[in-house]
Amino acid sequence: MQFENLNISKPVLRALLEEGYTKPSPIQTESIPPLLEGYDLLGCAQTGTGKTAAFAVPILDALSFAQRSSPARKEIKALILAPTRELAIQIGESFDTYGKYLSLKTAVIFGGVSQYPQTKALASGIDILVATPGRLLDLIGQRYVKLANVSHFVLDEADRMLDMGMLRDVKRVIAELPKKRQSMFFSATMPPEIADLPVTILSNHVKVEITALLSTL
């Protein structure tokens, strides 16, 4: 299986090939096709299995198609929640890399720093938002962020969010999202405290479980 066989749009495929990515990892092989078809996804996978591309590639593909079909003012259409600043930055960089031939804008927001550069980026109009839960709720409260038009939602590393005491904030964010959306839930483990989350987030989903660390894409 090659990326060329996954029915990915030409601009995204071009970006991947230029980065030297030709053969998808197992989680990408199993996740990208159903996500391209519009299914929700429950992914049991650790960092290092290639899960960022597994959700970023189909999101970029879908948003690019929607933009071509109906150009509109930039608004947040995809939200990715990550537990740490470092992971949020990494995910944002991946979206920029895979989407470099698309006219989609990504912003990354997290706490512990001045919010001004982040609110300035939001005000300019973005398509994809990568965020940590606390700073996101702060900016929702200040009305810098509106999630009414989110069509794609990713909850990444849910078990780490539990460990870091973020579960309540995560649930508050989920309550702000439209009911109609495509959702992706990723967690390396499934402790009892988060076992009910996929039920509340996902609809008509497929499950992908990857245990080996085979890629860093």
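These notes cover the structure that comes with them. (Residues numbered from 1 in each chain as written. Predicted model: local features only at pLDDT ≥ 70, side-chain atom pairs only at ≥ 80, totals over all residues. Heavy atoms only, no water.)

Quick look at the overall build of the protein now. Within the protein, the regular secondary structure consists of nine helices and seven strands. Overall, the protein is about 45 × 40 × 30 Å in size when its C-alpha atoms are taken along their principal axes. Within the protein, the proportion of its 217 residues that are buried is 52%. Sequence-distant contacts, at least 24 apart, represent 75% of the contacts inside the protein between residues at least 6 apart. As presented, the protein carries roughly 10300 Å² of accessible surface, and 50% of it is formed by carbon and sulfur atoms. (Helix = DSSP H or I, 4+ residues; strand = E, 2+ residues; numbered from the N terminus. Buried < 20%, exposed > 50% of the residue type's maximum accessible area, 1.4 Å probe, protein only. Contact = heavy atoms within 4.5 Å. Areas by Shrake-Rupley, 256 points an atom, 1.4 Å probe, with all protein chains shown as cover.)

Here the focus is the pattern of salt bridges. Taken as a whole and judged by the stated rule, the model has nine salt bridges. Put simply, Glu19 and Lys100 hold a salt bridge, and the shortest N to O gap is 3.8 Å. Of the two residues, Glu19 sits in the loop between α1 (10-18) and α2 (26-36) while Lys100 sits in the loop between α4 (85-98) and β3 (106-109), which places them 81 residues apart along the sequence. With a relative accessible area of 38%, Glu19 lands in the partly exposed category. Assessed through its relative accessible area of 37%, Lys100 is described here as partly exposed. For Arg172, the salt bridge identified is with Asp169, shortest N-O distance 3.8 Å. Here the residue Arg172 and the residue Asp169 both occupy positions in helix α8 (residues 167-175), the gap between them amounting to three residues, near one helical turn. On the basis of relative accessible area, Asp169 is assigned to the partly exposed category, the value being 23%. Salt bridges linked by common partners bring Arg14, Glu18, Glu19 and Lys100 together as one network. (Salt bridge = Lys/Arg side-chain N within 4 Å of Asp/Glu carboxyl O.)

Another aspect to go through is the sheet that holds strand β5 (residues 152-155). The strand order across the open sheet built from seven strands is β3-β4-β2-β5-β6-β1-β7, with neighbouring strands paired in parallel fashion. The strands lining the two open edges of the sheet, one partner per strand, are β3 and β7 (205-209). Strand-to-strand twist across the sheet, computed as the mean angle between neighbouring axes with direction ignored, equals 10 degrees. Of the strands in this sheet, β2 (78-81), β3 and β4 (128-131) are in contact with α4, which crosses β3 at around 175 degrees. (Pairing = 2+ DSSP bridges. Axes fitted to C-alpha atoms, helices over the stretch in contact; angles between N-to-C directions.)

Further remarks concern the pairing of strand β6 (residues 182-187). Among the six residues of β6, six are classified as buried, and the element is accordingly described as predominantly covered. The pairing of strand β1 (residues 40-44) with β6 spans four bridges and is classified as parallel. Opposite Cys44, over in β6, you have Ser187 as the bridge partner.

For the rest of this paragraph, the subject is the nonpolar core. In globular proteins that are soluble, nonpolar side chains generally tend to be buried together. Ranked by size, the top nonpolar core spans 36 residues in total, and within it Phe55, Ile80 and Phe95 carry the most contacts. Going through the elements one at a time, α1, α2, α3 (51-69), β2, α4, β4 and β6 are the ones with two or more residues in this core. No other element matches α3, which puts eight residues into this core. Filtering out sequence-adjacent residues up to four positions away, Ile80 remains in contact with Phe55, Ile91, Phe95, Ile128, Leu129, Val130, Ala131 and Val154. Listed in part, the 33 residues of the second largest apolar core include Ile126, Ala131, Leu137 and Ala158. (Core = buried A, V, L, I, M, F, W, Y, C linked by side-chain atoms within 4.5 Å.)

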